[in-house]
Amino acid sequence: IDFDLVLENVKDLNVLAGEGLSEIEHTPRGARLRQPESLPLTLYQDGMVVGNGPFRPYEEPSTQQYLQDIMDGYFPSELQPRYPNGI
């Protein structure tokens, strides 16, 4: 796993998903600025954790696909149904 590439692409994907930008949220009394939702990714020597999820060893096919999507410059495909605009 090319961790440098993963980290570089995560930064690029965060920008595409609107990191640092606020969204206008309408409320009954007006509107307020809201930060987009984030999903932490913690990388370890032998696996990773996405959000508050379970530890995922790098040997698991779903973990390999997740990281391959990022290394290819795409949002992980498993997150697309829940976050269609990226996260």
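Whatever comes next refers back to the structure up there.
Residues numbered from 1 in each chain as written. Predicted model: local features only at pLDDT ≥ 70, side-chain atom pairs only at ≥ 80, totals over all residues. Heavy atoms only, no water.

With that out of the way, let us pick up the sheet that holds strand β5 (residues 55–57). Reading across from one edge, β3-β4-β5 is the order of the three strands in this open sheet, with antiparallel pairing throughout. Pairing within the sheet leaves two strands with one partner each, and these edge strands are β3 (41–43) and β5. Strand-to-strand twist of the sheet, defined as the mean angle between neighbouring strand axes without regard to direction, takes the value 25°. By the bridge criterion, three bridges tie β3 to strand β4 (residues 47–50) in an arrangement that is antiparallel. Note that in β4 the partner of Thr-42 across the bridge is Val-49. (Pairing = 2+ DSSP bridges. Helix = DSSP H or I, 4+ residues; strand = E, 2+ residues; numbered from the N terminus. Axes fitted to C-alpha atoms, helices over the stretch in contact; angles between N-to-C directions.)

A few words now on the nonpolar core. Membership of the largest hydrophobic core is limited to 10 residues, which are Val-6, Met-48, Val-50, Tyr-58, Tyr-66, Leu-67, Ile-70, Met-71, Leu-79 and Tyr-83. With four residues, the top contributor of residues to this core is helix α2 (residues 61–71). Those residues in contact with Tyr-66 that sit more than four places away from it in its chain are Leu-41, Met-48, Val-50, Arg-56, Pro-76, Glu-78 and Leu-79. (Core = buried A, V, L, I, M, F, W, Y, C linked by side-chain atoms within 4.5 Å. Buried < 20%, exposed > 50% of the residue type's maximum accessible area, 1.4 Å probe, protein only. Contact = heavy atoms within 4.5 Å.)

Here we come to helix α1 (residues 3–16). The end-to-end C-alpha distance of α1 is 20 Å, a good match for the 20 Å that 14 residues give at a rise of 1.5 Å each. Every buried residue belonging to α1 is among Val-6, Asn-9 and Leu-13, and all of these are buried. When α1 is viewed along its axis, its buried side chains cluster within an angular range of 75° and face the same direction. Among the exposed residues of α1, those pointing more than 90 degrees away from its buried face are Asp-4, Lys-11 and Val-15. In this structure, the buried side of α1 is in contact with β3 and α2. Taking the backbone nitrogen of Asp-4 as reference, a side-chain oxygen 3.3 Å away marks Asp-2 as the first, capping residue of α1. Directly after α1, the chain includes Gly-18, whose backbone phi takes a positive value near 100°. (Expected span 1.5 Å × (residues − 1). Arc of directions from axis to C-beta. Polar contact = N/O pair within 3.5 Å; in protein donor to acceptor, adjacent residues only side chain to side chain.)

Attention now goes to the environment of Pro-40. On the secondary structure map, Pro-40 appears in the loop between β2 (30–34) and β3. Pro-40 gets classed as partly exposed once you look at its relative accessible area, which sits at 49%. With 15 residues separating them in the primary sequence, Pro-40 and Glu-25 have C-alpha atoms 23 Å apart. Ignoring sequence-local partners within four residues, the contact set of Pro-40 consists of Val-49, Val-50 and Gly-51.

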